[in-house]
Amino acid sequence: MLLLKEITTHSPFYKEAEELLIKSFPEEERRPIEQQRLYTDTHRQFQAQAILSDFAFAGIMNIWHLTGATYIEHLAIVPELRRNGIASEALKTLQRRSNKPIILEVEPAIDETTISRINFYERNGFKLQPISYTQPPYSQELPPVSLNIMTYGDTPNIGDIIEEIKSTVYGTMLN
């Protein structure tokens, strides 16, 4: 049984979620930890979720509830539980819950790992968008990152959604 459970920094699974986030994403692809904690507890559009498999911690999914879409900022599964269908189940759960298109960023297909990641999302109904995209930096000390956009559902206003991501998710870093 798989559950997506919203968590705060006071939740039982938060420490494991934070550790997995740090291990799974390079510094330039995640916000500073203090800001992550603040958003987890206070940002009304941000939602940190623990992925629970048979009630045990299995991963994280950080999402943003935007006007035009649900944005997956981070999705990671505990390494020893990968390739067991947990991430696919988590995506299907989110797809059933969301009444908006879903959008995420993914690294360009440059090696076996990044190609496999894109293929995974495509198997789960996402489409790679043929647009140029640069993730703004999470802090002034970090560089922007060239990524690709993938979407699930109809996104005729993708340019507007990307602008909303940049202003809402990365906005404080752009000032």
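The structure this text deals with has already been given above.
Given the structure is predicted, the values throughout are model-derived calculations rather than measurements.

(A) Representation of the overall build of the chain in the model. Summing up its helical and strand segments, the chain has six helices and eight strands in all. Each helix and strand of the chain, placed in order from N terminus to C terminus, yields the pattern β-α-α-β-β-β-α-β-α-β-β-β-α-α. Computed over its C-alpha atoms, the radius of gyration of the chain comes to 15 Å, within 12% of the 16 Å expected for a compact globule of 175 residues. Each of the three principal axes of the chain carries a C-alpha extent, and together these read 40 × 35 × 35 Å. The long-range fraction of contacts in the chain, counting pairs at least 24 apart against all pairs at least 6 apart in sequence, stands at 65%. Just so you have it, the chain exposes about 9100 Å², and 50% of that area is on carbon and sulfur atoms. Distance between charge centroids for the chain: 5 Å, based on 17 positive and 23 negative side chains.

(B) Region of the structure containing the pattern of salt bridges. Enumeration over the complete set of coordinates arrives at five salt bridges. Lysine 15 serves as the salt-bridge partner of glutamate 19, at 3.4 Å between the closest nitrogen and oxygen. Separated by four residues within a single helix, glutamate 19 and lysine 15 lie in helix H1 (residues 14-24), roughly one turn from each other. The exposed category is assigned to lysine 15, whose relative accessible area is 59%. Between glutamate 34 and arginine 37 there is a salt bridge, with the nearest N and O atoms lying 2.7 Å from each other. Taken together, the residues span about one helical turn, with glutamate 34 and arginine 37 both in helix H2 (residues 33-42) at a distance of three residues. Members of the salt-bridge network, linked through shared partners, are Glu18, Glu34 and Arg37.

(C) Spotlight on the nonpolar core. Core analysis: the biggest nonpolar cluster contains 33 residues, and Phe57, Tyr71, Ile103 and Ile165 have the highest contact counts within it. Counting residues per element, the ones that place at least two in this core are H1, strand E2 (46-53), strand E3 (56-65), strand E4 (70-77), strand E8 (145-152) and helix H5 (158-169). Ranked by the residues each element gives to this core, the list is headed by H5, at five residues. If near-sequence neighbours (up to four positions away) are discounted, isoleucine 103 is found in contact with Ala69, Thr70, Tyr71, Ile72, Ile149, Met150, Thr151, Ile158, Ile161, Ile162 and Ile165. Among the nonpolar cores identified, the runner-up in size contains 22 residues, and Leu2, Leu94, Ile118 and Met150 belong to it.

(D) Region of interest: the packing of aromatic side chains. One pass over the full model with this rule turns up eight aromatic pairs. Note on phenylalanine 126 and tyrosine 152: the rings are 5.6 Å apart at their centroids and 45° apart in plane angle, and the pair reads as tilted. Taken together, the residues phenylalanine 126 in the loop between helix H4 (112-123) and strand E6 (127-128) and tyrosine 152 in strand E8 connect sequence positions 26 residues apart. A relative accessible area of 3% means that phenylalanine 126 is categorised as buried. Taking the relative accessible area as the measure of exposure, tyrosine 152 reaches 28% and is therefore partly exposed. Linked through ring pairs, Phe120, Tyr121, Phe126 and Tyr152 together constitute an aromatic cluster.

What counts, and where the lines are drawn
- Residues numbered from 1 in each chain as written.
- Predicted model: local features only at pLDDT ≥ 70, side-chain atom pairs only at ≥ 80, totals over all residues.
- Heavy atoms only, no water.
- Helix = DSSP H or I, 4+ residues; strand = E, 2+ residues; numbered from the N terminus.
- Rg over C-alpha atoms; globule rule 2.2 N^0.38 Å.
- Contact = heavy atoms within 4.5 Å.
- Areas by Shrake-Rupley, 256 points an atom, 1.4 Å probe, with all protein chains shown as cover.
- Lys, Arg positive; Asp, Glu negative; His and termini not counted.
- Charge placed at Lys NZ, Arg CZ, Asp CG, Glu CD.
- Salt bridge = Lys/Arg side-chain N within 4 Å of Asp/Glu carboxyl O.
- Buried < 20%, exposed > 50% of the residue type's maximum accessible area, 1.4 Å probe, protein only.
- Core = buried A, V, L, I, M, F, W, Y, C linked by side-chain atoms within 4.5 Å.
- Phe/Tyr/Trp six-rings, centres within 6.5 Å; stacked < 30°, edge-to-face > 60°.

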